[in-house]
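Understanding the architecture of this molecule
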Amino acid sequence: MSNYDALYSQLVAMGQERWAEQLQATLPDKLALESTAKMAGWQSAMQSLPEIRPSRIELKENVTIGTSDDLGDINREELIALLQAFHPWRKGPYNFFGIEIDTEWRSDWKWERLLPHIQPLAGRRVLDVGCGNGYHGWRMRGAGADFVLGIDPFLLSVQQFQVMQRYLRDPQHHVIPIGIEEVPPNLACFDSVFSMGVLYHRRSPLDHLFELKGCLRPGGELILETLIVEGKRETIFMPPGRYAKMRNVWFIPSIEAMTLWLERCGFTDIGCVDTNRTSREEQRSTGWMRFESLADFLDPNDAEKTIEGHPAPLRAIFTATKL
Ligand SMILES: Nc1ncnc2c1ncn2[C@@H]1O[C@H](C[S@+](CC[C@H]([NH3+])C(=O)[O-])CC(=O)[O-])[C@@H](O)[C@H]1O
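Attention in this report is confined to the structure presented alongside it. What you see is a predicted model; the values in this text were computed from it and never measured. (Residues numbered from 1 in each chain as written. Predicted model: local features only at pLDDT ≥ 70, side-chain atom pairs only at ≥ 80, totals over all residues. Heavy atoms only, no water.)

**Looking at the environment of Thr103**
One can find Thr103 in the loop between strand E5 (99-101) and strand E6 (105-106). Sequence separation of Thr103 and His87 is 16 residues, and the distance between their C-alpha atoms is 9.7 Å. Those residues in contact with Thr103, other than ones at most four positions away along the chain, are Trp89, Arg90, Lys91, Gly92, Pro93, Arg284 and Thr286. (Helix = DSSP H or I, 4+ residues; strand = E, 2+ residues; numbered from the N terminus. Contact = heavy atoms within 4.5 Å.)

Written out as structure tokens, the structure is:
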């Protein structure tokens, strides 16, 4: 975790000394809490990862770390087994020294859908809320972002990020195990804030929007991706129980309702730049995510419905500016 020193310096450079100190004091405790059997397995796999110097790194067009030639006499199957210790791999794909980590999600497709519509990331300081294992963060660095901080409370995501970081050694990209509710209010220091796949998990979506706004500097851009439903400004769907087998889905607005929420929270230049019905090609079980996936969450007789009979997942990407 020595990489946290680089994070500390960066946050101080952004005028966030208090937050930097708070993180320095609390992150080690969070990691100490990870003394579960799973954590022991992850740590042992992490320590067994071989030293390899990647001869090639690509982050702009895809995420490629090294080539198969870099492996030399390192056993490819043993390396795959070490990576599989971090199962399930949900966000990717990664090409890791010639090993295709074929993740549950084609996260690159979402990236390609949004990239043409957002403020160019070159030179920007970015916060990615609910960043998963940092896949999009690597693409942000590939697009020229100066600094990317990803936050995600799910510890396996942070471990998977550390696997990549071990080889990429990027002092300007960090993923830390905290939720958005732990970020101090009104930091006002990020040029771009991403919240993708998080809003519908929040019981208080408007508070989430205010939290995101607080992270942005004036004039900064919010990029928000969420589940939506078809309907008018008055349409907001709350599933009575599970949604696509997920227990923690609360509010799913229509595009117009989401736009109104953003307006009421004080954002300007609001646009819905993409809508997309999630396909079984974009989210599916693979050898790297062997649990159930979208095909199991949909009605087997009607792909327009979830297994509970609700509208099937439809997602939209919004951009908005903080005044
Ligand atoms: N309170 C919270 N604060 C921060 N993160 C949270 C919180 N609660 C859950 N998460 C995290 O938010 C992520 C949501 S996934 C999107 C990943 C990526 N953004 C993607 O767009 O592919 C959902 C999806 O697959 O759509 C998970 O990694 C959670 O651990």
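Picking up after the structure, the text goes on.
**Some remarks on the site of the ligand**
Surveying the vicinity of the ligand reveals 19 residues, the closest of which are Lys91, Lys110, Gly130, Asp152 and Met196. Within the side chain of Lys91, a nitrogen or oxygen atom sits 2.4 Å from an oxygen atom of the ligand. Contact between the ligand and Lys110: an oxygen atom at 2.5 Å from a side-chain N or O atom of the residue. When isolated, the ligand has an accessible area of 640 Å², and the protein chains bury 85% of it. Given that more than half its atoms are within 2 Å of the pocket grid, the ligand belongs to the largest pocket. (Near = heavy atom within 4 Å. Polar contact = N/O pair within 3.5 Å; in protein donor to acceptor, adjacent residues only side chain to side chain. Areas by Shrake-Rupley, 256 points an atom, 1.4 Å probe, with all protein chains shown as cover. 1 Å grid on protein atoms, 1.4 Å probe; cavity = no way out; pocket = protein on both sides within 12 Å on 5 of 7 lines; lining within 4 Å. Sits in = over half its atoms within 2 Å of the grid points.)

**Section: the sheet that holds strand E2 (residues 64-65)**
One open sheet holds the four strands; their spatial order is E1-E2-E4-E5, and the pairing between them is mixed. For this open sheet the edge positions go to strand E1 (57-58) and E5, each flanked by a neighbour on one side alone. Note: E1 against E2, two bridges, orientation antiparallel. Pairing of Glu58 across the sheet is with Thr64, part of E2. Set on the sheet, helix H4 (residues 76-84) makes contact with strand E4 (94-96) and E5; between it and E5 the angle comes to about 20°. Of the strands in this sheet, E1, E2, E4 and E5 are in contact with helix H7 (residues 155-168), which crosses E4 at around 50°. (Pairing = 2+ DSSP bridges. Axes fitted to C-alpha atoms, helices over the stretch in contact; angles between N-to-C directions.)

**Description of the pattern of salt bridges**
Tallied over the entire structure, the rule returns 15 salt bridges. Lys60 serves as the salt-bridge partner of Glu61, at 3.9 Å between the closest nitrogen and oxygen. The same class applies to Glu61 as to Lys60, namely exposed. Taken together, the shared-partner salt bridges connect Glu51, Arg166 and Arg169 into one network. (Salt bridge = Lys/Arg side-chain N within 4 Å of Asp/Glu carboxyl O. Buried < 20%, exposed > 50% of the residue type's maximum accessible area, 1.4 Å probe, protein only.)

From the geometry alone we can't say anything about function, so treat these as descriptive.
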